Amino acid sequence: MGENLKRTDLESAIQRTRESFDTDNPTVPYIEGDGIGVDIWPAAQGVFDAVVEKAYKGQRKINWLEVLAGQKAFDNVNEWLPEETTNKFEEYGVGIKGPLTTPVGEGIRSINVSIRQIMDLYVCLRPIKYFNGIQTPTKNPQDVDITLFRENTEDVYAGKELEEGSEEVQKLNKFLKSEFGWEIREDSGIGIKPISKTATERLVRASLNYAVENNKKNLALVHKGNIMKFTEGAFRKWGYELVQEEFSDIAISWEDCNGDPGDKILIQDVIADAFLQQILVKPENFDVIATTNLNGDYASDALAAQIGGIGISPGGNINYENGKAVFEATHGTAPKYAGKDQANPGSLILSGEMMFRYMGWDEAADLTIKTMEKSILDGNVTYDLARGREEAKTLKSSEFANSLIDNLDKF
């Protein structure tokens, strides 16, 4: 597990991580992904290679190493997540993956969650920004420019559950009633939700370092502490305490600044349900978000919808203390579209852009954004981004990737 480094130590760790990727020919492990992974990975890889070639004129190249997880792993080695896969991610430091199958209500637990927990990738990083030309259900999608830090290792995703009617849940229910006086309906399933000071501090610390490094003006702690006072309420309290202990020279809470933070980063907290309303009404008020795991899951999808859908929303899972990171498509496997060359590879491509920037390959990252912007603005898009645009040309997954590659000649 991470060491929960203090602010200055964490800044040094982040710098060391970037320096370690100065190599011109890094090996990057990748997971193709289930379902539409067979369509979007080849499309995305073609864009990555073309962008790197354009940016560095042959001086840099990625050596791609396929590792297995999900259905492909089960079919080949009879394991959903082979130990070798996470070992390779650990060995090479940075990886990228397509979507993986997780059955609902039964069967295997989430492979995505397992990777995050095994590697202690405690930040789920979701930058959410609008691309001109996309039709969205909201009036002012251009006002959305929010980076969300979602705690990635605990909350209900690391919780424990007991099934309704089982001997275990009956035993626990009796214990809770006798020891704490808690009255819980006998026909209930019961779950336990952990929120720790350790995980809260390192998440908030990473989010504030990001805000400083990227000249952001405010950070919001999003929680449901009005109801869950000793988990999410504690998340809020620990977050404010960390700001006071480590960032008081550059950040200030709303209560302490009387509405005028001056040149400091403004720290505020927002109840989760109110936050979901406010991002619809005034998203321009938010720069960086730090939140718990489940709230982050809800909020990242809601924000993605505001900018045109999860098909254009990237993500990364990062441990800023040891530098390990796995970037990923943020959507599901969409099995009914698998093999049809229709799915939008945008989320995976933009996750690659995040990976390039994390590696310090800013030129490749900038080119990825530029070529994506041009194809979308020109209306050369996949079916999901063509909705509501009469002038748009609907492209296959591979054709969309080729459009991005063709654009590179213009930069």
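Everything below is about the structure printed above this text.
The rules we used
Residues numbered from 1 in each chain as written. Predicted model: local features only at pLDDT ≥ 70, side-chain atom pairs only at ≥ 80, totals over all residues. Heavy atoms only, no water. Pairing = 2+ DSSP bridges. Helix = DSSP H or I, 4+ residues; strand = E, 2+ residues; numbered from the N terminus. Axes fitted to C-alpha atoms, helices over the stretch in contact; angles between N-to-C directions. Contact = heavy atoms within 4.5 Å. Salt bridge = Lys/Arg side-chain N within 4 Å of Asp/Glu carboxyl O. Buried < 20%, exposed > 50% of the residue type's maximum accessible area, 1.4 Å probe, protein only. Right-handed = clockwise from strand over helix to strand, strands pointing away.

### Comments concerning the sheet that holds strand β9 (residues 251-253)
Part 1 of the argument: The sheet built from eleven strands is open, its strands ordered β2-β1-β3-β13-β12-β4-β5-β11-β8-β10-β9 with mixed pairing. The open sheet has two free edges, formed respectively by β2 (63-66) and β9, since each of these has just one partner strand. Between one strand axis and the next, the sheet turns by 25° as a mean value, whatever way the strands run.
Part 2 of the argument: Inspection of the sheet shows strand β4 (residues 123-129) paired to strand β12 (residues 314-318) by three bridges, in the antiparallel sense. Bridge pairing links Cys124 to Asn317 in β12.
Part 3 of the argument: Along the sheet, helix α7 (residues 197-213) makes contact with β4, β5 (145-151), β8 (218-223), β9, β10 (265-271) and β11 (288-291), crossing β5 at roughly 160°.

### Considering the pattern of salt bridges
Part 1 of the argument: Counted by the stated rule, this structure contains 20 salt bridges.
Part 2 of the argument: Measuring nitrogen to oxygen at the nearest pair gives 2.8 Å for the salt bridge that ties Glu246 to Arg205. Remark: Arg205 occurs in helix α7 and Glu246 occurs in helix α8 (residues 232-246); sequence separation between them is 41 residues.
Part 3 of the argument: Judged by its relative accessible area of 0%, Arg205 falls in the buried class.

### Some remarks on the pairing of β2
In the case of a regular strand, side chains alternate between the two sheet surfaces.
Part 1 of the argument: One ladder, built from four bridges, connects strand β1 (residues 27-31) with β2; its direction is parallel. Bridge pairing in β2 links Val28 to Trp64.
Part 2 of the argument: Handedness of the crossover joining β1 and β2 through helix α2 (residues 37-56): right-handed.

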